[in-house]
Amino acid sequence: MEFSSARARLKQGRLAGDRRELYPHSLQFYLEPPTENISLVEFESFAIDRLKLLKVVENLGVSYVRNSDSYKTKLENELRKLKFPYKALAEDDYEARRKDHISHFILRLAYCQSEELRRWFLQQEMDLLRYRFNELTDGLRQKFLEHVNLSFEAISEDLKNELANELYASTPGLTMLKVKEQMFYKVGLADAVDLFRARRVFIKDGFAYVPLKEIDAIVLNNYRTKLSKALALTARSLPSVQSDERLQPLLNHLSHSYVGPDYSMQKNTGKISLEQIDALSVKSYPLCMRQLHKALRDNHHLRHGGRMQYGLFLKGIGLTLEQALEFWKKEFIRGKVDADKFDKGYAYSIRHNYGKEGKRTDYTPYSCMKIIMSNPPSQGDYHGCPFRHSDPELLKQKLQSYKIPPSGITQILELVKGMHYQLACQKYFELTHDVDDIGFSLNHPNQYFAESQRLLSGGRELKKELNNSGNSQQKSNSQESMNSSSTPTSSNTTADAELEGLEAYFTED
């Protein structure tokens, strides 16, 4: 047995060694799609980890100054935790590089499906590459430039000394000593347009003299062009993906995916009384649920989309089935629905949400991503995300009515303008709870409620009761979604199912 295991490890080591030439650098432009076969379990695992990483990149990019110490430390910690390449890594990081390569292409498939998804994916991948490129040593940067065919000519010491005064005058942030220490590259003006427009480089005879510290702008511009084109080509290959019954549900789910706790199991079930709900809606509800609660109290009715979104949220914060039936019935009979009509027409769907009817599925509360990306509200509806679906002027009026200070409203509207809807909700949390930094990424209305209650009760540290990260929203959050097919998870897929020929999805016919 020991001899057999040693032989197996040796064989595996040789195989990995043969493949290491696929990833000569810890950084890449993802020009060549993966060609190996992987299991559906690994496919899903890689995709979810990269999605978690890109969500962190988005959150840090708005919450911190890029390249600040805090930004770099938090992002490096996340890369380490998720086992992605994070610095000028050691030579034996093959598995991290492989995961980085494959997961990028999986999410490229998932996020090529609309202009909004492509824009989001492109921005986060650009920010991730910027961080990782800037973390490389000078020598590794040069190797990477050669690896991606951006072999700009480094000027000689003699020419640099000759142009020292001009380089010093034309390059902000460099002292004369730094000019002499810094490596400069002679770059064609077409590749340095952004730096030229910002007046950050010296120009002579149609060439820009770019210091190594500024070369990232050129690298990123080149990467943006390549990735934008690649996303467009991948979108054209979607019919091939949609014909694959193994991939289509997974990819559709990933683009709307929430990867945190599902809030279906609560230790405080039954501990919240119906009399507390009005007060809780003011101090601990996210804006989407506060809006739904107010509409319910004002109109004594909500349409199906609102009942689903709010009803599952109430289930998640601890209302029992009996409490939910009483809550909805009391409110509806105050309007145009009598008790008999409620029992016949509405009670079934409430029991269904609690897994007591139909397929007996224990439905989970909607995540922010599901609310933002699916079933937009129409006239007379109150569900959805106010930051995503409200007119900015109406959103401003609503925030003013909730006593949000003008400066805070401006910050929220700027985030909304940049399509950072969950970050706008985070800012709303900070403003309504008088905290400077909530210290977590907000991805779920029930997470908002739990964190608010924890903060108001004096306990800021995260408890384990909600940290069932393995029990993700994939469980049954595909109900009522834009497509009616169920979302498969790793638990209902065959572990040894193989995905062959992935490269066909990323290239033209």
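Thresholds applied
- Residues numbered from 1 in each chain as written.
- Predicted model: local features only at pLDDT ≥ 70, side-chain atom pairs only at ≥ 80, totals over all residues.
- Heavy atoms only, no water.
- Salt bridge = Lys/Arg side-chain N within 4 Å of Asp/Glu carboxyl O.
- Helix = DSSP H or I, 4+ residues; strand = E, 2+ residues; numbered from the N terminus.
- Buried < 20%, exposed > 50% of the residue type's maximum accessible area, 1.4 Å probe, protein only.
- UniProt positions renumbered as here; feature names shortened; annotations may be inferred.
- 1 Å grid on protein atoms, 1.4 Å probe; cavity = no way out; pocket = protein on both sides within 12 Å on 5 of 7 lines; lining within 4 Å.
- Contact = heavy atoms within 4.5 Å.
- Pairing = 2+ DSSP bridges.

### With respect to the pattern of salt bridges
Pairing between side chains becomes possible if they bear opposite charge and their charged atoms approach one another.
And step 1. All chains considered together, the criterion is met by 27 salt bridges.
And step 2. A salt bridge links Arg 454 to Glu 451; its shortest N-O distance comes to 3.6 Å. Here Arg 454 and its partner Glu 451 are both found in helix H25 (residues 445-456), three residues apart, which amounts to about one turn of the helix.
And step 3. Relative accessible area serves as the criterion here: at 9%, Arg 454 is assigned to the buried category.
And step 4. The class of Glu 451 is buried, set by a relative accessible area of 2%.
And step 5. Each of Glu 36, Glu 42, Glu 95 and Arg 98 takes part in salt bridges that share partners, so that together they form one network.

### Structural notes on the UniProt feature "binding site: [4Fe-4S] cluster" (unreviewed entry) in the protein chain
And step 1. Taking the numbering used here, the UniProt-annotated feature "binding site: [4Fe-4S] cluster" (unreviewed entry) corresponds to Cys 288, Cys 368, Cys 385 and Cys 425. These residues run over 138 residues, yet every pair of their C-alpha atoms falls within 9.7 Å of each other. Taking the annotated residues in turn, Cys 288, Cys 368, Cys 385 and Cys 425 line the second largest cavity.
And step 2. Here Cys 368 lies in helix H20 (residues 368-373).
And step 3. Discounting chain neighbours no more than four positions away, the residues touching Cys 368 are Gln 422, Asn 443, His 444 and Pro 445.
And step 4. Accessibility expressed as a relative area gives 9% for Cys 385, which makes it buried.
And step 5. Sequence-distant contacts of Cys 385, defined by excluding residues within four places in its chain, comprise Ile 371, Ile 372, Ser 390 and Tyr 421.

### Some details on the pairing of strand S5 (residues 207-211)
And step 1. The element S5 is extensively covered by neighbouring structure, given that four of its five residues are classed as buried.
And step 2. Across five bridges, the pairing between strand S3 (residues 184-188) and S5 is antiparallel. Bridge pairing in S5 links Phe 184 to Pro 211.
And step 3. Of the pairings in the sheet, the one linking strand S4 (residues 202-204) to S5 comprises three bridges and is antiparallel in character.

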